[in-house]
Amino acid sequence: MDAQTLGTLSPLRLERAPPLLMAAGLIVWGWQNGLMLYAVPMALTLEATRWVAWRWAVTDREFNLVSDLSSVIFLIVVLYVFTDKGAKGIFVLLSLMPFVFFLLLLVQMYSEAGRVRLSALFISLRRLDPRYSPEARAEVDLSLPYFVTCLVSASAGNRYEDAFFFVVGILLGVVLWTVRPRRYPPALWIGTLVLATALGYLGQVGLIRLQWAVESSLMQVFDRFLWRYRDPNRATTAIGSIARIKLSDRIVLRAKTPQPLTRALLLREASYDTYSYGIWSNRDYEFISVDPDITGTIYALSPVPTRDRITLSTYLIEESGVVPMPLGATRIGDTNATAVDRNSHGAIRLEARKGWVRYTAGYGDGPDPDAPPEERDLKIAVSYGTDFQRLADRLGLDALPPNLAVSAVRDFFADGFTYSLTQRHRYPRGRYLTEFLFETRSGHCEFFATATVLLLRAGGVPARYVVGYAVDEYSPLERQYVARARHSHSWAEAWVNGAWVTLDTTPSVWAPLEDEQASAFEGLFDLWSWLAFNYARLRTSDDREEESDYGALLWLLIPLISVLAWRLYFKERVARGGKPAAAAALRSRQGMDSSFFAVIAELERRGFDRRPGETVAAWMDRLRAQSGIEFSSEPLALHYRCRFDPAGLSVNERHILDAEVRRALTEFARRAIANSLPGTTSG
Amino acid sequence: MLKRLLYHNFRIVYRLSQWTRQRFTPAGLLILGCVIASGIFGVNTRQTLAYQIFALTAAMLVLSLLCCAWFRAGFRISRRLPEYGTVGEPLHYRVRIENRSRRHQRDLCLIDELHADFPAFEEFRAARDPEDRRRNWFDRSVGYPRLMGMLRNRRGAALAPLPVPDVPALDRAELDVNMTPIRRGYLRFEQARLARPDPLGLTRAIQTHASSDQLLVLPRLYRVPRLELGGHRRYQRGGVSLASTVGDSQEFISLRDYKPGDPLRAIHWRSFAKLGRPVVREFQDEFFVRQGLVLDTFLGGRSTQSFEEAVSIAASFAASSRAQDSLLDLMFIGAQAYRFTAGRGVAYAQNMLEILACVAPCPGDDFARLDQLVMQNIAETSGLICVFLDWNEPRRNLMQRMTTLGVPACAFIVTADPAVVSAVEAADGNGQRLVAVPPAAVQQTMDRFNPSVGRA
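Below you will find a few notes about this structure. Quick caveat, the model's predicted, so the values are computed rather than measured.

Each value, and the rule that gives it
Residues numbered from 1 in each chain as written. Chains lettered and ligands numbered in written order. Predicted model: local features only at pLDDT ≥ 70, side-chain atom pairs only at ≥ 80, totals over all residues. Heavy atoms only, no water. Contact = heavy atoms within 4.5 Å. Buried area = accessible area lost by both parts, 1.4 Å probe. Helix = DSSP H or I, 4+ residues; strand = E, 2+ residues; numbered from the N terminus. Core = buried A, V, L, I, M, F, W, Y, C linked by side-chain atoms within 4.5 Å. Buried < 20%, exposed > 50% of the residue type's maximum accessible area, 1.4 Å probe, protein only. Pairing = 2+ DSSP bridges. Axes fitted to C-alpha atoms, helices over the stretch in contact; angles between N-to-C directions. Disulfide = S-S within 2.5 Å. Expected span 1.5 Å × (residues − 1). Parallel < 35°, antiparallel > 145°, perpendicular 65-115°, else oblique. Left-handed = near helix turned anticlockwise from the far one by under 90°. Nonpolar A, V, L, I, M, F, W, Y, C, P; charged D, E, K, R; others polar.

Take the interface of chain B and chain A next. In this complex, chain B contributes 66 residues to the contact, which on the side of chain A involves 67 residues. Where chain B abuts chain A, roughly 6200 Å² becomes buried across the two surfaces, and 63% of that area is made up of carbon and sulfur atoms. Broken down by secondary-structure element, the contributors of at least two residues to the side of chain B that touches chain A are helix 2 (26-41), helix 3 (50-67), strand 5 (162-163), strand 6 (172-179), strand 7 (185-197) and helix 9 (304-320) of chain B. Sorting elements by how many residues they give to the side of chain B that touches chain A places helix 3 of chain B first, with 11 residues.

Once that is clear, we can look at the nonpolar core. If you look at the biggest cluster of nonpolar residues, it comprises 67 residues, and the most contacted ones within it are Leu46(A), Phe147(A) and Met60(B). Examining the composition of this core, we find that 8 residues originate from one element, helix 8 (residues 143-154) of chain A, more than from any other. Contacts of Met60(B), omitting those with residues within four sequence positions, involve Leu172(A), Leu176(A), Leu193(A), Ala196(A), Leu200(B) and Leu202(B). Counting residues in hydrophobic clusters, the runner-up holds 44 residues, among them Val322(A), Val406(A), Phe448(A) and Ala449(A).

All names here are of chain A. Within the open sheet, the 7 strands sit side by side as 11-15-18-12-6-24-23. Their pairing is antiparallel. The sheet terminates laterally at strand 11 (299-300) and strand 23 (473-475), the two strands that pair on one side only. Bridge analysis of strand 6 (residues 251-256) against strand 12 (residues 308-316) gives 4 bridges, and the strand direction is antiparallel. Bridged to Leu253 within strand 12 is Thr314.

Quick look at the sheet that holds strand 8 (residues 274-276) of chain A now. All names here are of chain A. On the basis of which strands lie adjacent, the open sheet formed by 3 strands has the order 4-9-8 and antiparallel pairing. If you trace the sheet from one side to the other, it starts and ends with strand 4 (234-236) and strand 8, each paired once. Adjacent strand axes in the sheet meet at a mean angle of 20° when their direction is disregarded.

All chains considered together, the criterion is met by 0 disulfides over all chains. With no disulfide of its own, Cys68(B) lies closest to Cys67(B) among cysteine sulfurs, the gap being 6.6 Å.

The terminal C-alpha atoms of helix 20 (residues 616-627) of chain A, which comprises 12 residues, lie 16 Å apart, in line with the 16 Å expected from a rise of 1.5 Å per residue. Looking at the packing, one finds that the buried side of helix 20 of chain A touches helix 19 (596-605) and helix 21 (633-644) of chain A.

Here the focus is the packing of helix 11 (residues 367-376) of chain B against helix 12 (residues 393-405) of chain B. All names here are of chain B. Look at helix 11 against helix 12: their axes get within 10 Å of each other, and the N-to-C directions meet at 15°. By the angle between their directions, the pair helix 11 and helix 12 is classed as roughly parallel. Considering only the axes of helix 11 and helix 12, their crossing is right-handed. Contacts between helix 11 and helix 12 involve Phe367, Asp371, Val374 and Met375 from the former and Pro394, Arg395, Leu398, Arg401, Met402 and Leu405 from the latter. Grouping the amino acids of the contact of helix 11 with helix 12 by side-chain chemistry returns 7 nonpolar, no polar and 3 charged.

And the structure:
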């Protein structure tokens, strides 16, 4: 046996990228980020080294200088991007990386050495003695790392989602082909690569689903256990979140009104003017202090006379925070806050001790004194502009005066759009609104509010996105209204005839649907919340409310808690006794498929508001008395049976109910009731 | 506490790093980097498409690692090492790989390994690295590069993975391995690894072969001037026989009567028979030059680099001595007091270099032991070359005594301390030859050194 001998071998190291690979990486980067104008000349310059023979004699010191220059460019880009974009700048920075390191690679490619010393890249290695630190004289070829940088930077563009995976797969396949071991047949290599690509494809789908699941779980956990903090300059929506949105039952707001509410009360927290991929934001608008009156207890917000007032309690997680205020707020009084600030977009910030803060808000019929619209209130991001402009043209919004444009937008969303907390499909991030408008026509309030704002802007009407709460749940226990986390709501504001007008296009069935999410333990949580609330007020010696006797209340808690505990125990025993839990859930949803809901929805759309707590029968009677609308009692009776009769309706009765509903809807249309009645702004 | 925590983390990071370097090919490391970068930027699947790159590259790596779960072909690995190496001098050795399987083996990779014990926490804490002054504040404070330096030094040389030529079935192949020792002493090879790539060429399946060898690395040698110390020849008990064979001198002078204590083999049997009383042969006493080479091993908190340079200087003088004219006694303190003699056939410079290759520093500063060793042998010593690590009272006293006794002496003080250098330069010339040698400029100092004057 003759021993085969190879001469002294050089250690294994990363070789130069195969021909045209760097160019391909740069082209993919330009394609994804819309920077093809730069990518093509950069690619040509780099690949030209294959055909251009001349090289520079670059010394180590010159390599160090070029590397330092690249580092300085990188730092400048970092500073600029983060100053301009904030935390989001990290992705902008990512997309610019091929620019940053291009010079260094260019010098390497056109140098006689053709490689760069590691010490050029790491200043800490430059001073080391190569005798003791061999890494100080190690060399590296940057072409393949640069190619990988181009691919990762390309991902920041986030376009062409479906094609990107396969393009990356092909390019990485080219790299692997050049380094493939010759001991295996090509068929095995191809088979392994195809298997890896298939696994990778499944993996990326799995990652998307994993993120949905984690986000959904975390959202519930945060929502349940942590208080919300309203950032007046940034609101992240759930547009783009997949699966069912579920918010907690936690009571986050308490409202005491002199008279019962006749409709849902909208409380505004903040409004925003800039939208990008699921996030509404503002420039960092400055908060200006509101001076109290001579008594030091009243803070005037508007010169409009106060028509009504409402006492609100909300929780501050810091020593200052934005609080909900009724629309048309005129003043704040009776508060333990030490200062009141406001910004030009109508956000009111209180400075007070952390915890529950109470204040009385007066409001009137005048508009909110928010700053008039700016150019930003008409701006639509490029990625949505075409779709919304097309729709605005179709609706003829440009030709309409603002008030009619607002009505047209309201009518557009009232026709065929449904409320849904579930998003089932995934799209590229810029397509969710388009799908909502033209395909699914189903979404939650953030979809409606965002689409409304952008559609109004496309029609030339300045508009803003508003977040806050819709309050209409009365708590007999607390003898005041409460708003839960799931009652958070969003709507639009449009600039009509010199004032901001509220426009809520979310179908009014959103509240009952949200209420369906109520936990079985909601009562217990509410009781606990109320006790904690009162305990907090007791600690802060907030005893201005004369009707409360907290000392006695605490003693009363003992039997109350005992009774509740007994009831819960009893309930559990019954459940164990054979009644499946699903039956209770089924009962609560029974009759939700009644076609009579279409009549209710149509009436609400036409502006006939249903008061809080008002039964459907009482509502019908009131409408008959006030508006002269005649209803047959038969469909209503069938609807009640459908909802509450354990036996439900027979098939024949269902047909009768459906026919009656169709007849009623036809009758509404014929009488053109809508033309003579105002729209509603309640959500 | 923090230091200990860092130490344990470094241990984990080091092992992970070793595993990564061995398991991944250069292309695999590139893909691994891609996995990490895209994993960081792809956390939010709505923000970027980096998650797609992450999923694809991670799938490639996972599949590659799975393909490397087994590697069963039979091999035998053996090395042919040179007898010696020298610090800083590249050396080659040959590795033979025998393929005992019936498959033609291609694209194999050899990962030969030098053994190094991971430093204990106490060693890590007490370690001082001359490279630290070149490092930045963070690296100095945290200490990871220092720990890596310790490991590199213990290992003795860096060995990168090497491609193995094709090995036909039931045949063998050989390859040359280059390495440059960075420390003296024995370098221990304990195992060699043979790696086979996966079909995608990203990771390696590894087969470990126990293959113990060791290689002695001699100290670094400098060009040193010939020192003419100018001492007298001294009477050497036992004469030149001591230097060549066991026994007395061969220069016959006369016969004399036996005196108790004379060796039996000195009896002249013929005269004994003729005279009837024991008569012994008397030989000429020997006088020749016998120089002492004193190596100061007392580190006492001083730089290990200074010590290494001191050993190199001593080795350089030992290698350049005229072995046929004189004897050279190497004296130093290790676990005990040592005195090795070379020259005139007793031993060769090579033997002395082997000894110097294994000299270890003494932790304290008990210079009196070395002083005592020198004084015990001063009667036979014609001249003294001292290599010191400091210039303080005990060392000054030794040199002073040499002057008093008329033994010419020259001392090389290896130090980077400017104060010590000044003190040495001030003391030089008072009947003593003193040379301050900065550890970073040994050769330059030796080149400038004028043996007749003594100044560098």
